[in-house]
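Breakdown of the fold
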Amino acid sequence: MKKTDETRFKEIITECADWLIHKNQNQDGSFKDSLKSGCIFEISQAILSLLKFGEKENNNGARESAIKCGDWILKQQARSKDKNVDGLWITPEYGKNLVVISDTIESLWGILELYRHTQQKKYLRSSSRAFEAVQRARVRPGNMWVSKGGIQARV
């Protein structure tokens, strides 16, 4: 019997979610493949996928996995007296002291979606801090700016 496109679609998304949750997610909420390079913005994409899958398929495991991951991302958010850095996420694969503004925006999108799904204020507070930091970013010649603490950003 030939599978329908809808059946194949469900198989693929279910297998992807199962892989993320059961084979690739670390105990702390991060994901093995993204953690190696420190790609927080990629982890945010996983949050979005898991939330959507959990919603469409009524899968609480996917939702719980997204929350666990979001809590890990919150711990990675920069807390600094330097207002240029506070609220951003450092992007280590581009360099130890480099922030990529577009990556912070992508990360905050996943956190905003967690707020929408859970109504937990910690996600809204984190998103607000990130958004305020993005608004403070100023483009300098060469599309770079440097904070008082020496953190550079590419926009």
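Structure first, text after, so check above.
These remarks concern the structure in this document. Every chain's residues receive numbers from 1 upward, in the order its sequence appears when written. Note on the predicted model: pLDDT of at least 70 is required for a residue's local features to be given, and 80 or more for side-chain atom pairs to be given and counted; whole-chain, interface and lining totals, by contrast, use all residues. Side-chain metrics rest on all non-hydrogen atoms present in the structure, leaving aside hydrogens and water.

**Regarding the overall build of the protein**
The condition that has to hold: Runs of E in the DSSP output that reach at least two residues are strands. Runs of H or I that reach at least four are helices, and both are numbered from the N terminus. Relative accessible area decides the class of each residue, using a 1.4 Å probe on protein chains only: under 20% of the type maximum gives buried, over 50% gives exposed, and in between gives partly exposed. Contact definition: two residues touch when any of their heavy atoms are within 4.5 Å. Per-residue and other accessible areas follow the Shrake-Rupley method at a 1.4 Å probe size, with only the shown protein chains counted as cover for residues.
Helix and strand counts for the protein come out as 6 helices and 3 strands. Scanning the protein from its N terminus toward the C terminus, one meets helices and strands in the order α-α-α-α-β-α-α-β-β. Relative to its 155 residues, the protein shows a buried fraction of 42%. In the protein, once contacts between residues fewer than 6 apart in sequence are set aside, the share between residues at least 24 apart is 60%. Total accessible area on the protein stands at roughly 9200 Å², and carbon and sulfur atoms take up 52% of it.

**Brief notes about helix α1 (residues 5-24)**
Condition: One fewer than the residue count of a helix, multiplied by 1.5 Å, yields its expected span.
Between its first and last C-alpha atoms α1 spans 27 Å; for 20 residues at 1.5 Å apiece the expected length is 28 Å, and the two agree. Taken together, the buried positions of α1 are occupied by A17, L20, I21 and N24.

**Digging into the nonpolar core**
Inclusion rule: The term nonpolar core refers to a set of buried residues drawn from Ala, Val, Leu, Ile, Met, Phe, Trp, Tyr and Cys, joined through side-chain atoms within 4.5 Å.
Ranked by internal contacts, the top residues of the largest apolar core, which has 23 residues, are F31, I47, L50, I73, I111 and L114. For this core, the secondary structure elements donating two or more residues are α1, α3 (40-57), α4 (60-76), α5 (101-118) and α6 (121-136). The dominant element in this core, judged by the number of residues it contributes, is α4, at 7 residues. With sequence-adjacent residues up to four places away left out, L50 is seen in contact with A17, L20, I21, F31, A62, R63, S65 and A66.

**So, the pattern of salt bridges**
Oppositely charged side chains may form a pair once their charged atoms are brought near each other. Rules: By definition here, a salt bridge exists when the distance from a side-chain nitrogen of Lys or Arg to a carboxyl oxygen of Asp or Glu is within 4 Å.
Enumeration over the complete set of coordinates arrives at 7 salt bridges. As a salt-bridge pair, E57 and K10 come within 3.2 Å of each other at their nearest N and O atoms. Remark: K10 occurs in helix α1 and E57 occurs in helix α3; sequence separation between them is 47 residues. With a relative accessible area of 27%, E57 lands in the partly exposed category. Among the salt bridges present, the one from D71 reaches K122, with a minimum N-O distance of 3.0 Å. One end of the pair, D71, is in helix α4; the other, K122, is in helix α6, with 51 residues separating them in the sequence. Taken together, the salt bridges that share partners define one network made up of K3, R8 and E11.

**Thoughts on the packing of α4 against α5**
Under the convention used in this document: Lines fitted to C-alpha atoms define the axes, with helix axes restricted to the stretch in contact, and inter-axis angles between N-to-C directions lie between 0 and 180 degrees. Here the angle decides the label: under 35 degrees means roughly parallel, over 145 means roughly antiparallel, 65 to 115 means roughly perpendicular, and every other value means oblique. Should the near helix be turned counterclockwise from the far one by less than a right angle, the crossing is left-handed, whereas a clockwise turn marks it as right-handed. Gly is placed with the polar residues, together with every amino acid not listed as nonpolar (Ala, Val, Leu, Ile, Met, Phe, Trp, Tyr, Cys and Pro) or charged (Asp, Glu, Lys and Arg).
For the pair α4 and α5, interaxial distance at closest approach is 10 Å and the crossing angle is 130°. Classified by the angle their axes make, α4 and α5 are oblique. Considering the relative orientation of α4 and α5, their crossing is left-handed. Residues R63, A66, I67, G70, I73 and L74 of α4 touch α5, and the partners they reach there are I111, L114, H117 and T118. Of the residues assigned to the contact of α4 with α5, the class counts are 6 nonpolar, 3 polar and 1 charged.

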